[in-house]
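Structural characterization, general
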Amino acid sequence: MTRLLVLYTGGTIGMDQTPDGLAPKPGLLPRLLERFLKPDLQFDVVEYPSLIDSSAITPAHWNQLLGDLSRERDRYDGFVVIHGTDTMAYTASLLAFALRGFGKPVVVTGSQLPLVHPRSDGWSNIADALEAACQRDLAEVVIAFDRLLLRGCRARKLDAAGFSGFASPNAAPLARFGIQADWRRELWRKPDGDRFVPMALDERLRVACLFLTPGHGATLMGQMLAEDRLDGAALMSYGNGNAPAEPALLDGVAALSARGGAVLNLTQVTVGAVEVGAYAASQPLARAGAVPGADMTPEAAVAKLTVLLSQGLRGEALRARLAENLAGEIS
Ligand code: ASP
């Protein structure tokens, strides 16, 4: 007998039509989930009092999830988090970094069409998520979506029109669900030996993702980094991590680093990585102190900065941790 805990935060999957359009309907999803109960699979469902469209997610919601998962860790074999798709990759990444050493499956899922829609993808997503959460040797945070199991901190929402909402462009899926589940166990993270230490996020932290554009973008971004408005930033540069050697940008990167914060240099392209030295144009950012983020997703970068800053890391210690592969987020 496997015992799972399902935490229901909101999202399309549990919505229904209202005069204003789709909106979460309290009580609906827990009732619909009852059909998945089996003699050898029991689960409890916790419906959050305020079900949200995931575009409204905040660190306070993440703290609620972290608190519930940490408190219930020993009582259940695995966990399913039902979540809207818009920010699912952020939440999965956040959980991946904050729950290091957790040692049990945490499977995040949702759907593109509500369960009450006749063509809903939610049924198969939930079925796959429940099955993944029963795998005792799955010790990481994953997303189950459209017949794929993806590492949470590698996944991105790349499609808002079809059912294949998520992909992990720089990492192979951890399972494919066909008539049989094809578990790619050789790709799963091995227990890292870390002791699980429950943590809470510092909700006052200011972490942002800045998208570089030609023209004034570099200067504006530099000004923002230079002023004391951010504790950490992901900077989306071009190609293999290239950026113009714009003094304002480089000064901003250096200023934030000097204040103890950090800038993670990521690439705007979906496939590939920041490689300092591939082009000379990648050097100024690195010399100014930006940490090369390799092929980390923006979602993972924001989550990693949020978690490490919340753990109190600053300066060199923060920059060193950011460069490490902590949860499988880097190839
Ligand atoms: N806006 C919805 C949400 O993220 C989209 C979805 O769930 O598919 O909550």
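Residue positions are given per chain, counted from 1 along the sequence in the order it is written. Under the rules for a predicted model, residues below a pLDDT of 70 receive no local features and side-chain atom pairs below 80 are neither given nor counted, while totals for whole chains, interfaces and linings still include all residues. By convention in this description, side-chain values take in all heavy atoms of the structure and omit both hydrogens and water.

**Regarding the packing of aromatic side chains**
Operational definition: Pairing of aromatic side chains here covers Phe, Tyr and the six-membered ring of Trp, requires ring centres within 6.5 Å, and sorts the geometry by plane angle: under 30 degrees stacked, over 60 edge-to-face, intermediate tilted. Segments assigned H or I by DSSP are reported as helices when at least four residues long, segments assigned E as strands when at least two residues long, and all are numbered from the N terminus. Relative accessible area decides the class of each residue, using a 1.4 Å probe on protein chains only: under 20% of the type maximum gives buried, over 50% gives exposed, and in between gives partly exposed. Ring-over charges, as used throughout, are those where CZ of Arg or NZ of Lys falls within 6 Å of the ring centre and within 35 degrees of the ring normal.
This model, assessed by the stated rule, comprises seven aromatic pairs. Note on phenylalanine 79 and phenylalanine 102: the rings are 5.5 Å apart at their centroids and 65° apart in plane angle, and the pair reads as edge-to-face. Pair noted here: phenylalanine 79 is in strand β5 (residues 78–82) and phenylalanine 102 is in the loop between α3 (88–98) and β6 (106–109), with a separation of 23 residues, a long-range link. In terms of burial, phenylalanine 79 and phenylalanine 102 fall into one category: buried. For the ring pair phenylalanine 145 and phenylalanine 166, a centre distance of 5.0 Å and an interplane angle of 65° mean the geometry is edge-to-face. One end of the pair, phenylalanine 145, is in strand β7 (residues 141–145); the other, phenylalanine 166, is in strand β10 (residues 166–167), with 21 residues separating them in the sequence. Here phenylalanine 145 and phenylalanine 166 have matching classes, each one buried. A network of ring pairs unites the aromatic residues Tyr76, Phe79, Phe102 and Phe196 as a single cluster. The lysine or arginine in question, arginine 35, covers the ring of tryptophan 123, its NZ or CZ lying 4.1 Å from the ring centre.

**Quick notes on the pattern of salt bridges**
Going by this rule: We count a salt bridge whenever a side-chain nitrogen from Lys or Arg sits within 4 Å of a carboxyl oxygen from Asp or Glu.
This model, assessed by the stated rule, comprises 21 salt bridges. Linking aspartate 202 and arginine 204 is a salt bridge whose minimum nitrogen-to-oxygen distance equals 3.1 Å. Residues arginine 259 and aspartate 228 are paired through a salt bridge, measuring 3.3 Å at the closest nitrogen-oxygen approach. Here aspartate 228 lies in the loop between α5 (217–226) and β14 (232–237) and arginine 259 lies in the loop between α6 (247–258) and β15 (262–267), a separation of 31 residues in the sequence. The exposure class of aspartate 228 is exposed, given its relative accessible area of 53%.

**Points about the sheet that holds strand β8 (residues 148–151)**
How we decide: Any two strands are treated as partners once DSSP identifies two or more bridges connecting them. Here the axes come from fitting lines to C-alpha atoms, over the contacting stretch only for helices, and the angles between their N-to-C directions go from 0 to 180 degrees. The contact criterion used throughout is that any non-hydrogen atoms of two residues lie within 4.5 Å.
Read across the open sheet, the eight strands follow the order β4-β1-β5-β6-β7-β8-β11-β12; overall the sheet is mixed. Two strands in the sheet have a free side with no partner beyond their single neighbour: β4 (41–52) and β12 (181–183). For this sheet, the mean angle separating the axes of adjacent strands, direction not counted, is 20°. Relative to the sheet, helix α2 (residues 59–72) contacts β1 (2–10), β4, β5 and β6, its axis offset from that of β1 by approximately 170°.

**A word on helix α8 (residues 298–310)**
Put simply, the test is: By this rule, a helix spans an expected 1.5 Å times one less than how many residues it contains.
Taking 1.5 Å per residue as the helical rise, α8 with its 13 residues ought to reach 18 Å, and the 18 Å between its terminal C-alpha atoms agrees with that figure. Burial analysis of α8 places 13 of its 13 residues in the buried class, which makes it a mostly covered element. Two residues or fewer after α8 comes glycine 312, characterised by a positive phi angle close to 90°.

**Comments concerning the site of the ligand**
The following threshold applies: Think of it this way: one heavy atom of a residue within 4 Å of a molecule or strand is enough to make that residue near it. N or O atoms closer than or at 3.5 Å make up a polar contact, with two conditions inside protein: a donor-capable atom paired with an acceptor-capable one, and, for residues adjacent in sequence, both atoms drawn from side chains. Residue-level accessible areas treat just the shown protein chains as cover; the underlying method is Shrake-Rupley with a 1.4 Å probe. Under the grouping applied here, Gly and all other residues not named as nonpolar or charged are polar, the nonpolar ones being Ala, Val, Leu, Ile, Met, Phe, Trp, Tyr, Cys and Pro and the charged ones Asp, Glu, Lys and Arg.
With respect to spatial proximity, the complete set of residues near the ligand consists of Gly11, Thr12, Asp53, Ser54, Gly84, Thr85, Asp86 and Ser111. Within the side chain of serine 54, a nitrogen or oxygen atom sits 2.6 Å from an oxygen atom of the ligand. The contact in question runs from an oxygen atom of the ligand to an N or O atom on the side chain of threonine 85, over 2.5 Å. Burial of the ligand by the protein chains amounts to 90% of its free accessible area of 260 Å². Across the shell around the ligand, the residue classes break down as no nonpolar, six polar and two charged.

**Regarding the side chain of serine 237**
Mapped onto the elements, serine 237 comes out in strand β14. In contact with serine 237, other than residues within four places in its own chain, are Leu212, Asn242, Asn265, Leu266, Thr267, Gln268 and Leu285.

**Looking at the pairing of β7**
Rule in force here: Convention used here: a crossover is right-handed provided that the path from the first strand, over the helix, to the second strand proceeds clockwise when the strands point away from the viewer.
With respect to burial, β7 is a largely interior element, five of its five residues being buried. Across three bridges, β6 lies against β7 in parallel orientation. Residue valine 106 lies in a different strand from β7, and its bridge partner there is valine 141. Once the chain exits β6 it traverses helix α4 (residues 122–133) before rejoining the sheet at β7, and the crossover so formed is left-handed. Alignment of β7 against β8, held across four bridges, turns out to be antiparallel.

**With respect to the nonpolar core**
For the record, the criterion: As used here, the term nonpolar core means buried Ala, Val, Leu, Ile, Met, Phe, Trp, Tyr and Cys residues forming a set that is joined through side-chain atoms within 4.5 Å.
Formed by 55 residues in total, the largest nonpolar core has its most connected members in Leu95, Leu99 and Val106. No other element matches the eight residues that α3 contributes to this core. Discounting residues that sit within four places of it in the chain, leucine 99 has contacts with Leu66, Leu69, Ser70, Val106, Val141 and Phe196. Counting residues in each nonpolar core, the second largest holds 28 residues, with Tyr8, Leu51, Val107 and Phe177 among its members.

**Section: the sheet that holds β15**
Read across the sheet, four strands follow the order β13-β14-β15-β16 without closing on themselves; strand pairing throughout is parallel. With one partner strand each, in any of the chains shown, β13 (207–211) and β16 (291–292) form the two edges of the open sheet. Sheet topology note: the β15/β16 ladder contains two bridges and is parallel. Residue pairing across strands places asparagine 265 opposite proline 292, the latter belonging to β16. Relative to β13, α5 is tilted by about 165°, and along the sheet it contacts β13, β14 and β15.

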